[in-house]
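Take a look at the letters that make up each chain.
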Amino acid sequence: MNSENLLPEDLTPLMSSYLLEGWHRERLSLTAVTVHSVGIVGTLRVDESFSRPDAGFHLTVPLAFVWVAQLAVIFSSWDHGLARKHGEIFLRRIHLDCRRQITDVNEITFSVSYRRKRYLRNDSVYYEGPIDIGDGAFIGSGTFVAPLPPEVHARYSAATPGGLILDSSNKPAR
């Protein structure tokens, strides 16, 4: 097996400019949001794209992760009646199967739902559930933990003693 140590100047021509800096330049904005008892659906449009003119825009996984996390922040705040987020979420796990490219720049739908929810001892709430982006173009699942103000955590966790796991109908999971 051959091996070679590459120098920084050798790496530049091999690296993706999009992954290095391009995805930071892309700007998407929410045009519609619907929240419901078990999740959130957001519709986004592309305001600015890094893509080459000959290639056109396509949604990338780094951007998908950012917007899944952003919608999780919004949902966890709404789910607990908060007028503003209490802190940053911790995206514990995310899995996406990218079945086809998403190239629409006007309407990209993100759906983040939960099937299980648990109030943790550290003034936070844990969610687990499915993710659907672009009507099945990217599908998967994820888990995240969101911080809550202590008084809000106390109110909700009292209704679920012992960190009881709830399913999406807010009934104890089996």
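Provided above is the structure to which this section pertains.
Note that the structure is predicted; figures quoted are calculated from it, not measured.

A. Spotlight on empty space enclosed by the protein. Counted by the stated rule, this structure contains 3 cavities of 30 Å³ or more. In this structure, the largest cavity spans a volume of roughly 70 Å³. Lining the largest cavity are 13 residues; nearest its centre among them are Val112, Ile131, Gly142, Thr143 and Phe144. Taken together, the elements giving at least two residues each to the lining of the largest cavity come down to helix H3 (61–79), strand E3 (90–98), strand E4 (108–113), strand E6 (124–133) and strand E7 (138–147). The element best represented in the lining of the largest cavity is E6, accounting for 4 residues. Tallied by class, residues from the lining of the largest cavity come to 7 nonpolar, 4 polar and 2 charged. Each pocket or cavity is described by its volume, and for the second largest cavity that value is around 50 Å³. Taken together, Val73, Ser76, Ser77, Leu82, Lys85, His86, Gly87, Ile89, Ala146 and Pro147 form the lining of the second largest cavity. Breaking the lining of the second largest cavity down by element, the ones donating at least two residues are H3 and E7.

B. Broad picture of the pairing of E6. In terms of burial, E6 is a largely internal element, 7 of the 10 residues being buried. Sheet analysis places E4 next to E6, joined by 3 bridges and oriented antiparallel. Of the residues in E6, the one forming a bridge with Phe110 is Ile133. Inspection of the sheet shows strand E5 (residues 116–120) paired to E6 by 5 bridges, in the antiparallel sense. Across the sheet, Lys117 pairs through a bridge with Tyr127, a residue of E6. Sheet topology places E6 next to E7; 10 bridges connect them, and they run antiparallel.

Conventions used here
Residues numbered from 1 in each chain as written. Predicted model: local features only at pLDDT ≥ 70, side-chain atom pairs only at ≥ 80, totals over all residues. Heavy atoms only, no water. 1 Å grid on protein atoms, 1.4 Å probe; cavity = no way out; pocket = protein on both sides within 12 Å on 5 of 7 lines; lining within 4 Å. Points joined across faces, edges and corners; volume = space filled by probe spheres on them. Helix = DSSP H or I, 4+ residues; strand = E, 2+ residues; numbered from the N terminus. Nonpolar A, V, L, I, M, F, W, Y, C, P; charged D, E, K, R; others polar. Buried < 20%, exposed > 50% of the residue type's maximum accessible area, 1.4 Å probe, protein only. Pairing = 2+ DSSP bridges.

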